[in-house]
Amino acid sequence: MSATVLAGHPRVALAGNPNAGKTSIFNRLTGSSQKVGNYPGVTVERHSGTLKLPGGGRCEVFDIPGTYSLSARSAEEQIACQAILGLPPYEAPELVVVVIDATQLLRNLYLTLQILEAGARVVIALNMVDLVASGGARIDHERLAQELGVPVVPVSGLRGEGISELASAIEASLAGAVPASAPVRWVATDELEADIAAVRDGLPTSWGDTDGSRGRALALWSLLSIDPDDELLAIPDALRELVGERRDLATSAGREIEAEVIQARYDWIDAHGAPLLSLPTEARRTLTDRLDAVLLHPLVGFALFLFVMGLVFQSLFSWADPMIGGIEALFGLVGEQAAATLPEGIFRDFVTEGLIAGVGGVVVFLPQILLLFLFIGLMEDSGYMARVAFLMDRVMRALGLHGRAFVPMLSGYACAIPAIMATRTMERRRDRMITMMVVPFMSCSARLPVYTLIIAALFDPNATVLGFVPVPSLLMIAMYLFSTAVALIAAGVLGRTLFKGPSVPLILELPPYRVPQLGSVIRMMWSRGSLFLREAGGVILVCTIALWMLLSFPNSEQISADFEARRATAEAELTGSELDAQLSTLAAAESGAQLQHSYGARLGHAIEPVIEPLGYDWKMGVGLIGAFAAREVFVSTMGVVYGVGGDVDEESSSLRDKLRDERYPDGRRVYTPLVGLSLMVFFALACQCMSTLAAVYRETKSWGWTVFLFAYMTGLAWIASFAVYQGGRMLGFE
Amino acid sequence: MTRLSDLSAGATASLVEVGGERSFRRRLMELGLLPGTSLRLVRRVDVGDLLELEVRGCHLSLRRSDARLVLVDGERSS
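As the structure is a computational prediction, the values presented were derived from the model and not from experiment. (Residues numbered from 1 in each chain as written. Chains lettered and ligands numbered in written order. Predicted model: local features only at pLDDT ≥ 70, side-chain atom pairs only at ≥ 80, totals over all residues.)

1. Side note on the overall build of chain B
Argument step 1. What chain B contains, in helices and strands, is two helices and six strands.
Argument step 2. Secondary structure of chain B in N-to-C order comes out as β-β-α-β-β-β-α-β.
Argument step 3. By its C-alpha atoms, chain B is 30 × 25 × 25 Å across when sized along the principal axes.
Argument step 4. Looking at chain B as a whole, 50% of its 78 residues are labelled buried. (Helix = DSSP H or I, 4+ residues; strand = E, 2+ residues; numbered from the N terminus. Buried ≥ 20, exposed ≤ 12 C-beta atoms within 10 Å, placed from the backbone.)

2. Brief notes about the overall build of chain A
Argument step 1. Per the secondary structure count, chain A includes 31 helices and 10 strands.
Argument step 2. Structurally, chain A occupies a C-alpha span of about 100 × 60 × 55 Å along its principal axes.
Argument step 3. The 734 residues of chain A split such that 46% are buried.
Argument step 4. Of the contacts formed within chain A by residues at least 6 apart in sequence, a portion of 71% connects residues at least 24 apart. (Contact = placed C-beta atoms within 7 Å.)

3. A short note on the interface of chain B and chain A
Argument step 1. On the chain A side, the residues contacting the 27 residues of chain B number 31 residues.
Argument step 2. Going through the elements one at a time, helix 1 (22-30), strand 3 (38-45), strand 4 (50-55) and strand 5 (58-63) of chain B are the ones with two or more residues in the side of chain B that touches chain A.
Argument step 3. Looking at the side of chain B that touches chain A element by element, the count peaks at seven residues for helix 1 of chain B.
Argument step 4. In the side of chain B that touches chain A, the residues fall into 10 nonpolar, six polar and 11 charged.
Argument step 5. Bridging between strand 10 (residues 507-508) of chain A and strand 5 of chain B involves two bridges; their strand directions are antiparallel. The residue bridging Leu-508 of chain A from the neighbouring strand is Ser-61 of chain B, located in strand 5 of chain B. (Nonpolar A, V, L, I, M, F, W, Y, C, P; charged D, E, K, R; others polar. Pairing = 2+ DSSP bridges.)

4. Some details on helix 1 of chain B
Argument step 1. When you tally the buried positions in helix 1 of chain B, you get eight out of nine residues, the bulk of the element.
Argument step 2. Ser-23, Phe-24, Arg-25, Arg-26, Arg-27, Leu-28, Met-29 and Glu-30 of chain B are the residues of helix 1 of chain B that are buried.
Argument step 3. Looking at the packing, one finds that the buried side of helix 1 of chain B touches helix 4 (105-117), helix 9 (212-225), helix 11 (257-272) and strand 10 of chain A together with strand 2 (12-18) of chain B.
Argument step 4. Positive backbone phi, at 100°, marks Gly-32 of chain B, one or two positions downstream of helix 1 of chain B.

5. Remarks on the domain arrangement of chain A
Argument step 1. Here chain A is described as being made up of domain 1 (2-175), domain 2 (190-276) and domain 3 (557-597).
Argument step 2. Relative to domain 3 of chain A, the C-alpha centre of domain 2 of chain A lies at a distance of 81 Å. (Domains from an automatic or database assignment.)

6. Focus: the pairing of strand 5 of chain B
Residues and elements named next belong to chain B.
Argument step 1. Of all six residues in strand 5, five are buried, a share of seventy percent or more.
Argument step 2. Pairing of strand 4 with strand 5, which is carried by six bridges, proceeds in the antiparallel orientation. Counterpart to Glu-54 in the pairing with strand 5 is His-59.
Argument step 3. Connecting strand 4 to the antiparallel partner strand 5 that follows it, the hairpin turn spans two residues, and Arg-56 within it adopts a positive phi of roughly 50°.

7. Section: the sheet that holds strand 10 of chain A
Argument step 1. Strand order in this open sheet of seven strands is 10(A)-5(B)-4(B)-3(B)-2(B)-6(B)-1(B), and the pairing throughout is antiparallel. The open sheet is flanked by strand 10 of chain A together with strand 1 (2-3) of chain B, the only strands paired with a single partner.
Argument step 2. Relative to strand 3 of chain B, strand 2 of chain B runs antiparallel, the two sharing three bridges. Bridge pairing in strand 3 of chain B links Ala-13 of chain B to Leu-39 of chain B.

8. Structural notes on the pairing of strand 3 of chain B
On any regular strand, side chains alternate: one points to one face of the sheet, the next to the other face.
Argument step 1. Where strand 3 of chain B and strand 4 of chain B come together, six bridges link them in antiparallel fashion. Within the sheet, the bridge partner assigned to Arg-43 of chain B lies in strand 4 of chain B and is Glu-52 of chain B.

9. Regarding the environment of Glu-193 of chain A
Argument step 1. In this structure, Glu-193 of chain A sits in helix 8 (residues 190-201).
Argument step 2. Owing to 12 C-beta atoms within 10 Å, Glu-193 of chain A belongs among the exposed residues under this scheme.

10. Comments concerning unusual backbone geometry
Residue and element names in this part refer to chain A.
Argument step 1. That bond from Pro-88 to Pro-89 is cis: its omega, 5°, falls within 30 degrees of zero.
Argument step 2. Tracing the chain through its elements places Pro-89 in the loop between helix 3 (75-85) and strand 5 (95-101).
Argument step 3. Not every positive phi belongs to a glycine, and Met-128 is a case in point at roughly 65°.
Argument step 4. Mapping Met-128 onto the fold places it in the loop between strand 6 (122-127) and helix 5 (129-134).
Argument step 5. Residue classification places Met-128 among the buried residues on the basis of 28 C-beta atoms within 10 Å.
Argument step 6. With a phi close to 60°, Ala-234 is a non-glycine residue in the positive phi region.
Argument step 7. Owing to 14 C-beta atoms within 10 Å, Ala-234 belongs among the partly exposed residues under this scheme.

11. A short note on helix 16 (residues 384-398) of chain A
Residues and elements named next belong to chain A.
Argument step 1. With 15 residues, helix 16 should reach 21 Å at 1.5 Å per residue; the first-to-last C-alpha distance of 22 Å fits that figure.
Argument step 2. Helix geometry: helix 16 is bent most strongly at Met-392, by close to 60°.
Argument step 3. The element helix 16 is extensively covered by neighbouring structure, given that 11 of its 15 residues are classed as buried.
Argument step 4. Residues Tyr-384, Met-385, Ala-386, Arg-387, Val-388, Ala-389, Phe-390, Leu-391, Met-392, Asp-393 and Met-396 constitute the buried set of helix 16.
Argument step 5. Positive backbone phi, at 80°, marks Gly-400, one or two positions downstream of helix 16. (Expected span 1.5 Å × (residues − 1). Bend = angle between axes of the 7 residues up to and from the residue.)

12. Section: the nonpolar core
All names here are of chain A.
Argument step 1. Core analysis: the largest hydrophobic core is formed by 225 residues, its most contacted members being Leu-14, Ile-84, Ile-124, Ala-125 and Val-388.
Argument step 2. The residue makeup of this core includes at least three contributed by each of domain 1 (2-175) and domain 2 (190-276).
Argument step 3. What Ile-124 contacts, discounting residues up to four positions off in sequence, is Val-98, Ile-100, Thr-112, Leu-148, Val-150, Pro-151, Val-152 and Val-153. (Core = buried A, V, L, I, M, F, W, Y, C linked by C-beta atoms within 7 Å.)

13. Some points on the confidence of the model for chain B
Argument step 1. Across chain B, the average pLDDT comes to 86, with 94% of residues at or above 70.
Argument step 2. Per-element mean pLDDT across chain B ranges from 83 in strand 5 of chain B up to 93 in strand 2 of chain B. (pLDDT = per-residue confidence, 0-100.)

14. Observations regarding the environment of Leu-475 of chain A
Argument step 1. By the secondary structure assignment, Leu-475 of chain A is in helix 21 (residues 471-496).
Argument step 2. In the structure, Leu-475 of chain A is positioned 24 residues away from Tyr-451 of chain A in sequence and 8.8 Å away in space, judged by C-alpha atoms.

15. Looking at the packing of helix 26 (residues 618-626) of chain A against helix 27 (residues 633-641) of chain A
Geometry of a packed helix pair, given as the angle between the helix axes and the separation of the axes.
Residue and element names in this part refer to chain A.
Argument step 1. Two elements in contact, helix 26 and helix 27, have axes whose closest approach is 8 Å; the angle formed by their N-to-C orientations is 140°. When the axes of helix 26 and helix 27 are compared, the pair comes out oblique. Both helix 26 and helix 27 take part in a crossing whose hand is right-handed. Contact residues: helix 26 offers Lys-619, Val-622, Gly-623 and Gly-626, while helix 27 offers Val-633, Phe-634, Thr-637, Met-638 and Val-641.
Argument step 2. For the contact of helix 26 with helix 27, a count of residues per class yields five nonpolar, three polar and one charged. (Axes fitted to C-alpha atoms, helices over the stretch in contact; angles between N-to-C directions. Parallel < 35°, antiparallel > 145°, perpendicular 65-115°, else oblique. Left-handed = near helix turned anticlockwise from the far one by under 90°.)

16. Re the environment of Asn-555 of chain A
Residue and element names in this part refer to chain A.
Argument step 1. Counting through the fold element by element, Asn-555 comes out in the loop between helix 22 (518-552) and helix 23 (557-573).
Argument step 2. Judged by local crowding, Asn-555 falls into the partly exposed class, with 13 C-beta atoms found within 10 Å.
Argument step 3. For the pair Asn-555 and Arg-138, spaced 417 residues apart in sequence, the C-alpha separation works out to 78 Å.
Argument step 4. Setting aside residues up to four positions removed in sequence, Asn-555 forms contacts with Ser-560 and Gln-594.

17. Notes on the confidence of the model for chain A
Argument step 1. Residue-level pLDDT values for chain A average 84, and 95% of them are 70 or greater.
Argument step 2. Per-residue pLDDT stays below 50 along residues 1-6 of chain A; that stretch engages in nine contacts with residues further than four places along the chain or on separate chains.

Below is the structure:
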């Protein structure tokens, strides 16, 4: 993280309410120097960057997750207090810039008061003043500065106004002294003072200085945050007990500590903040109200929502296709070039089939990731995303999911990788985890070629149900419905078991609509894309190479020599196109023979006892191993296994014929419709995609959850395929 | 006295009491929903089962089920 790079430079924290415009101010202050990391221990992003001060100095600016209050219930909310007050593992910043949304001044002042009470050095960035002004209202920022006792700089993050003044104020404030103690803005009752004093004495020594304003702020934070069912981290039991005692004491005296504290703060805000607002007419709000009347309309709004979601889906499913095709063609070309330049041999195969194919396999995800984040960025920036959560809350809540989980779930039909990355639009870890654990069930586009091959090879294309519904289409639709149903059921089960948590009230803000800033959307697309390349790309590349090695080694000299001889015979006996045909047949047969000799094939044999009850033989086992690179690789792996070459696709009749004609030694067909069904169910449920696992690891930073995802999906796949195959046999199908 | 969830759209009311779990009460109070606070129900969104409120010039929305825990003095919707 850049903290080390910038050692010695002052650290400036950027805090504020959600939607206060922190991001745009952060971007304006730090320009292109940003880095994205994680707050340790929690998957909450920490953006940091360098601010060049007007006087030539530099400081590190980092953001605090947006919050309405420092009080916390969860580990994620706890970060704000920890990072501002410098509780372990964080260091306190030298200065806190509080970004205030001027259009929501009074609510924003609550967090501001808390930060001021802690005795921090503060500069206020009064954001969106332009919007207040356009509504005909005015905020007396000079009086606000007097009331708060800290510099207040009017800014517009979107237009970039007031940013240099903000930088100057930061510089001046950093040069000045830290306030000895924060002025007392509200007077606590004697009873409350006693509570504060008692808790302050019980604060752990690891929390550092507990004198003065800081100790008082920490005591108040503890009194408001600590609760028997909170999910806070690193709260000593002694402190928990102490807070519990004081609260019980207060309750028995008919007092409520949090109400006293919060009421006192709002009394101050109403008395000192409210008069600073000249009558707000809120032009922007009325435009927003008019838009909301349409966009949140039970019928029209819902129809528009479906239209937008359809657009997102369409873009991932088909618009990304030409770009994906282009990338594949490009890497194919590079591979051919490399094959033409490098001498024949194992190194050439490694470069073309392992390395170049591996890198291509990573880059190929970029179009969908970038497109999805383009849409998410536009929806977030315009304010529509908050409405999506609003519209979908009832449906998604019934399934144990967050309203915002709708976008990742839908994206999962195209590809799980961008969908998993999109889970971070949800604030709570629980919501992100459940969504991540079920998104890979959604029927992604990589399953399509597999379904197409199996359905075309094993089911009569002319068969119909009820005389007019064609069986192949019915099967395809059934697979989509099946995967969706499984994902939703899994979400329900996970939400009630592993990720059981108290249902947290949904408090959403519906921010006013605004025109999205293309610059910030593009910046986010870039940061997501590069994050994927850096953190998931490596894993995917290594796995691709490992799989290639598994399916290529050891190379049998015997088989090579054998095919060399057969080639020589062919060259002697045949000429022209007949010779070419024979040579390519031989090449396909040779790679098939080599594959059957490889470690991958041995692994296929080794897992045969496990997959036999599902109706599969070892060759399908090899296909399943190959599918781990990506599900559609199953098709080309089967092409190699059956000696028809690796460039087959799901439409090629040679592979279909091979599958249909494949027999066990006793003459039974290997691929029956029942085996096909079992295989499709397996592909629907099993987590056979290492890229998905890499993305989940990247988001959770936990091998435990990554392994869990693989194990539970694949376990479920085995059980379901077993039930289909054995159940089907019992019912007399084959 | 009536529940916040029963207010009609556009109605104004004065908050009496926030019920429910401690963390829920704390959260609502910190957003400015304190006894005596006047508020306005901006809109009811039936698709999402949510309510949008205006409190101290700020907008926020709550689930109807959560809003049932908030008691107000105001006009009940018919």
